[in-house]
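# Chains, contacts and geometry: an overview
Letter by letter, the chains look like this.
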Amino acid sequence: MMNVNRKIIIRGFILALLFVMSAVVSVVIYTHWSIRQLITPMPSNEVLFDLLDVEGGPTSINYIVTASLQDRLRGEIVFPAFVLRWADGRRFVIDMGMDDRGAKYFYEKMAWQYESDDIKVHGSVAKQLGAEASLVAGLGFTHLHEDHVQGVQRYCQLKSAKLPLFQTPQQTEERNYTTGFGAAFVEDADCVSPKVLTGAGPLYSVPGFPGLAVVPVAGHSPGSTVFVVAVEGKLWIVAGDISWTRQSMLTNQPKQVSLFRSLIIPEDETRLVELRQWLAKLDSNDLVKVLLCHDGLALQVNGPPVFKPTVLKNDSR
Ligand SMILES: [Zn+2]
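Right, let's walk through the structure included here. (Residues numbered from 1 in each chain as written. Predicted model: local features only at pLDDT ≥ 70, side-chain atom pairs only at ≥ 80, totals over all residues. Heavy atoms only, no water.)

### Things to note about helix α3 (residues 100-110)
Among all positions in α3, only Gly102, Ala103, Phe106, Tyr107 and Met110 are buried. Seen along its axis, α3 keeps its buried residues to an arc of 130 degrees; they face one direction. Projecting away from the buried face of α3 at angles above 90 degrees are the exposed residues Arg101 and Glu108. Those residues of α3 hidden inside the fold are in contact with β1 (60-71), β2 (75-85), β4 (120-121) and α5 (146-149). For α3, the side-chain oxygen to backbone nitrogen distance between the N-cap and Arg101 is 3.2 Å, and the N-cap itself is Asp99. (Buried < 20%, exposed > 50% of the residue type's maximum accessible area, 1.4 Å probe, protein only. Helix = DSSP H or I, 4+ residues; strand = E, 2+ residues; numbered from the N terminus. Arc of directions from axis to C-beta. Contact = heavy atoms within 4.5 Å. Polar contact = N/O pair within 3.5 Å; in protein donor to acceptor, adjacent residues only side chain to side chain.)

### A short note on the coordination of the zinc ion
Donor atoms from the polypeptide that coordinate the zinc ion comprise Asp147 (OD), His148 (NE2), Asp241 (OD) and His294 (NE2), at 2.1 to 2.4 Å from the metal. The coordination sphere of the zinc ion comprises four donor atoms, whose angles at the metal cover 87 to 167 degrees; the geometry is irregular. For the zinc ion, the donor residues sit on a single chain with the sequence spacing D-H-x92-D-x52-H. On the criterion of sequence distance, the pair formed by His148 in helix α5 and Asp241 in the loop between β11 (234-238) and α9 (246-250) is long-range, its members being 93 residues apart. Its relative accessible area of 1% is what places His148 among the buried residues. (Donors = N, O, S within 2.8 Å, 3.2 Å for Na, K, Ca; no water. Tetrahedral: all angles 85-135°; square planar, octahedral: opposite > 155°, others 65-115°.)

### Comments concerning the layout of surface pockets
Of the pockets and cavities examined, the largest pocket occupies roughly 380 Å³. What lines the largest pocket is a set of 20 residues, and nearest its centre among them are Met110, Gln113, His145, Thr178 and Ile265. Secondary-structure elements contributing two or more residues to the lining of the largest pocket are α3, α5 and α10 (259-264). The dominant element in the lining of the largest pocket, judged by the number of residues it contributes, is α3, at three residues. (1 Å grid on protein atoms, 1.4 Å probe; cavity = no way out; pocket = protein on both sides within 12 Å on 5 of 7 lines; lining within 4 Å. Points joined across faces, edges and corners; volume = space filled by probe spheres on them.)

Structure, rendered in structure tokens:
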């Protein structure tokens, strides 16, 4: 009797295990398939370069590093935000990086991704913006991964007025399991009010922010978005995580990842090849600079100046 019972339990256990394994494999296969369905055309160069003629565009672009680590394979990896300033005083922030606690927690979970001993924290976007935080009038995310979004938590602790978050229809609607944490930070951020960009695409202007436009690109995540901004005669392209390094974008090299990582973090490599070629070609134009979020050295060498807070009139702090 005991033997029969044991057999039934073992069979039940094996069946349950097979069921769970096939469910996991199905989710992974579905996620790989679905990101390949999100291909939209790229905007023409003509449409992109028209941004240089827009009047009243931003007067500066700068970046803030919220955290960084030294990776033995990839060099300095940074977790940045980009700050645009308009002459009327308004600021627009692209990505929020992570606050100190968020960066440490992220590293605890994700250390296996990196060849590094530690993560350094440099202060949240909210902290580094200083008094200028009150002038931020618009926000956008290159994509909804935790390392680009989590800093919004700290930002909302300081600011109660609603900040419009401009998103492409794809970033609003399309999710997969890699964007779950980031999307949850956005949903919980009570100082943020999502606004879906409208228009025919593939280049969407950001209303109220002349000179700034976005392109839904997918490839890395379903809602991956490239920001294009014309600043004083130069076109800056904030390309998120389409490539990890400037060099691999220029030479069209895929990300160096293990089979395990490429299975669990599904990307559309065919699309990424197309995007790297598109970005490298644009970057070869003297008027264009492509910025990749995590390449610390390239940001230092080819990027805009590091953000320095301006002292505001009437700021008594
Ligand atoms: Zn990232």
